[in-house]
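Report on the structure
One letter stands for each residue in the lines below.
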Amino acid sequence: MKKYAILGLLLPIYAQAHETASDTTYLEDVVVTGARMSSDIRHLPMTVSVVGRETLVKNEQTNVLPSAVMNVPSLFVTTRGMMGYGVSGGAAGGVNLRGISGGTGGIMVLIDGHPQYNGIYGHPISDSYQTMITEKVEVLRGPASVLYGSNAMGGVINIVTRGMKEDGVKTDVNIGGGSWGTAQAEATNRIKKGKFSSTVSGQYGRSDNHRPRMGFEQYGGYLKLGYDFTENWNVWADGNVTHFNASQPGSVDAPMYEADQWITRGVATLALENHYKNTNGRISVYDNFGRHKINDGYAEGAKPQTRFFRSKDALMGVSMFQSAETEDGSRFTLGFDYQNIYGDAYYTDRETDEILETKNKQSAEVRNHEFAGYADFRQDIKKVTLDAGLRVDHHSVAGLEMIPQFGVVYRPVATGEVKAMASKGFRNPTMKDMYLYPPSNEDLKAERLWNYELSWNQRLNCGKYTATDSVKYHDEVVGVEVEKYNHAITYGVNLFYMKADNMIQTINKKNVNTDELENWGAEAEITWRIKEHWGISTNHSWLHQENKLVSVPTYKGYLGVDWHSCNHKWIASLGLQQLAGLYTAVGKDEQKENATLLNATLKYKINDIISVWAKGENLLAQEYEVIAGYPMPKATAMGGIKLSF
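Residues numbered from 1 in each chain as written. Predicted model: local features only at pLDDT ≥ 70, side-chain atom pairs only at ≥ 80, totals over all residues. Heavy atoms only, no water.

Examining the confidence of the model for the protein
- Residues at a pLDDT of 70 or more form 92% of the protein, whose mean pLDDT is 90.
- Of all secondary-structure elements in the protein, the lowest mean pLDDT belongs to helix α1 (residues 2-27), at 37, while strand β36 (residues 610-617) reaches the highest, 98.
- Scored below 50 in pLDDT, residues 1-28 shows 34 contacts in the model against residues more than four places distant or in partner chains.
- Per-residue pLDDT stays below 50 along residues 471-475; that stretch engages in nine contacts with residues further than four places along the chain or on separate chains. (pLDDT = per-residue confidence, 0-100. Helix = DSSP H or I, 4+ residues; strand = E, 2+ residues; numbered from the N terminus. Contact = heavy atoms within 4.5 Å.)

Dropping the structure here:
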């Protein structure tokens, strides 16, 4: 009786500490993408969505993009099968954000703040972004060119890699299989011992997919090593290599044969960081590289190809920045970026592997350079935050570009803020635009875009609820009832308008700067944590395009419901996605698709080490296309086992 009496006296203190910590953590959602350093999202004028690891893994996706699409308004990625995006003709994996396409280099993917894209074509390689290495994904919706330069014209997707925060060793293994011969396996080991830390991951996946000649196979590995010299200085290095073999069958009406791809992508980074109370920064060198071999295939009745298209590229760079904060609430960031962009495209004989001489600019070897300096200033004045930034960027061919941004945040209440932002984005012409294939033009200038947005975000505490927590008293674990905040509801609405000019188009068989782009729209998202076991999240985006583009939905909506049992042994999630006005063809033969997609996942934890899972996708068996002529699979199922120790 005595120990329970003592425990009863301690419970109010325990409950109060639990509530305060939970509430504080929730309100101070820290991101790195909008400011190059850890920042309270409430003080950033730009719109940043965060998809945490719990959300990334709940549906057992091996790639981060499907989970990001479901949880980020206005973000859409094209797909064509159960597994594998591929590259070249008939490929999927095109990233679109507010109607700006990553396929043309308008959206940048980052890993720990370093750019990841093909040096020749300028687009991200979507099969390279694995969940196994990811702690969270931060999506900045709108131009981020002040901090990240070219290719961040419409926004950035920053993949923040995993690590260990406390001393110990943790290993996770996940193996699964399902419809159409699909199999996936991944393993990750994380270690932290004193000043040293490491993360090692390996991954394999394959699928026949639902159409003939559409096979996909991928394997890769990741290694990250870190060392803390002192409390204020640390160094880390990582390397990530992914190889995949993909085939594309052509459209249903125009089948292709031997349209095969062999792709290797990799990245290596070395970074030195400092972290002080009022200042922090980083200097890093990185190399993002690729090797590609592509058989363009042949149509039914035609002759097989006698040559392979090959290319290799490298994006080598140096990045440095330092941020300082003063006691009066001002923060100043200075940064410098250098990039050496290399690309080599050529053809080889299929039989002899000899390099072939080509005409009409069908091959090229080019090296471009880009230098940039930037400054960002942020000032807190009681309930107001002012932000201004400027980047000066010089490309060896496109020339000089000045990129400003301005923003203001007003917090009328402690739980809500209104944000206004005006920012410029740009995209330098790619090597393909300037040198490769007959339409190329070396006189192209950078594409430019201005974005204006207004948003409101708020977090609501809806009272308290009673829950059972486990408290350890001496060597015995006792279940006790405590009161917790039901700070369940967060919501945000956003209006945006963007206009771009100097857009690169092919006119009379030549690439020229001529076209304009004008988009505007609205976004809304709500998350409701219903007491302890239930959660609901929903997001919606509507987009108007003056100049319509394919693979961009007019409306995208998502509703997710999550549940777990009292002992956390059972976990279930249900997701409903609605696509409306998804253009698969524009112009005189305009085509639009509508689809309602239902997905579900169920998990059971057998013990502290072993759990099993099962999931189904497109459970309503919808017939739809994201890419014209490439029907998506109907209902599919997968299951697997996870080990954590």
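There's more to say after this.
Observations regarding the side chain of glutamine 184
- Structurally, glutamine 184 is set in strand β12 (residues 182-193).
- Within the structure, glutamine 184 has its side chain in polar contact with the backbone oxygen of glutamate 60 (distance 3.4 Å).
- Apart from residues lying up to four places away in sequence, glutamine 184 is in contact with Glu60, Thr62, Met83, Asn174, Ile175, Gly176, Tyr204, Gly205, Trp613 and Met638. (Polar contact = N/O pair within 3.5 Å; in protein donor to acceptor, adjacent residues only side chain to side chain.)

Remarks on the pattern of salt bridges
- On inspection of all chains with the given rule, the structure shows 29 salt bridges.
- Arginine 391 serves as the salt-bridge partner of aspartate 393, at 3.3 Å between the closest nitrogen and oxygen.
- The exposure class assigned to aspartate 393 is buried, which follows from its relative accessible area of 1%.
- Taken together, the salt bridges that share partners define one network made up of Arg98, Arg141, Glu453, Glu523 and Glu525. (Salt bridge = Lys/Arg side-chain N within 4 Å of Asp/Glu carboxyl O. Buried < 20%, exposed > 50% of the residue type's maximum accessible area, 1.4 Å probe, protein only.)

What to know about unusual backbone geometry
- Phi is positive for glutamate 60, close to 55 degrees, though the residue is something other than glycine.
- For glutamate 60, a relative accessible area of 3% corresponds to the buried category.
- Of note in the backbone geometry, tryptophan 180 takes a positive phi value of approximately 60 degrees without being a glycine.
- Tracing the chain through its elements places tryptophan 180 in the loop between β11 (168-178) and β12.

Comments concerning the sheet that holds strand β9 (residues 134-141)
- Ordered by their spatial adjacency, five strands build an open sheet running β3-β9-β10-β7-β8, and the pairing between neighbours is mixed. Lying at the two open borders of the sheet, with one neighbouring strand each, are β3 (47-52) and β8 (114-116). Adjacent strand axes in the sheet meet at a mean angle of 25 degrees when their direction is disregarded.
- Bridge count between β3 and β9: six bridges; the pairing is antiparallel. Pairing of glycine 52 across the sheet is with lysine 136, part of β9. (Pairing = 2+ DSSP bridges. Axes fitted to C-alpha atoms, helices over the stretch in contact; angles between N-to-C directions.)

Quick word on helix α3 (residues 64-71)
- Burial within α3 is extensive, with seven of its eight residues counted as buried.
- Buried within α3 we find Val64, Leu65, Ser67, Ala68, Val69, Met70 and Asn71.
- Its side-chain oxygen at 2.9 Å from the backbone nitrogen of leucine 65, asparagine 63 defines the N-terminal cap of α3.

A word on the sheet that holds strand β4 (residues 75-77)
- Read across the open sheet, the three strands follow the order β4-β5-β6; overall the sheet is antiparallel. On the outer flanks of this sheet lie β4 and β6 (100-101), each paired with one strand and no other.
- With two bridges joining them, strand β5 (residues 95-97) and β6 adopt antiparallel strand pairing. By the bridge assignment, leucine 97 is partnered in β6 with isoleucine 100.

So, the nonpolar core
- Counting 42 residues, the largest nonpolar core has Met108, Tyr148, Val156 and Phe244 as its most contacted members.
- Of all the secondary-structure elements, those providing two or more residues to this core are β7 (108-111), α4 (145-148), β15 (233-247), β18 (279-294), β20 (307-325), β21 (330-349), β23 (364-381) and α5 (431-435).
- Sequence-distant contacts of tyrosine 148, that is, excluding residues within four places in its chain, are made with Val32, Thr33, Arg36, Met108, Leu110, Gly113, Val156 and Arg391.
- In terms of nonpolar packing, the next biggest core, distinct from the first, is built from 41 residues, Leu56, Leu65, Val626 and Ile627 among them. (Core = buried A, V, L, I, M, F, W, Y, C linked by side-chain atoms within 4.5 Å.)

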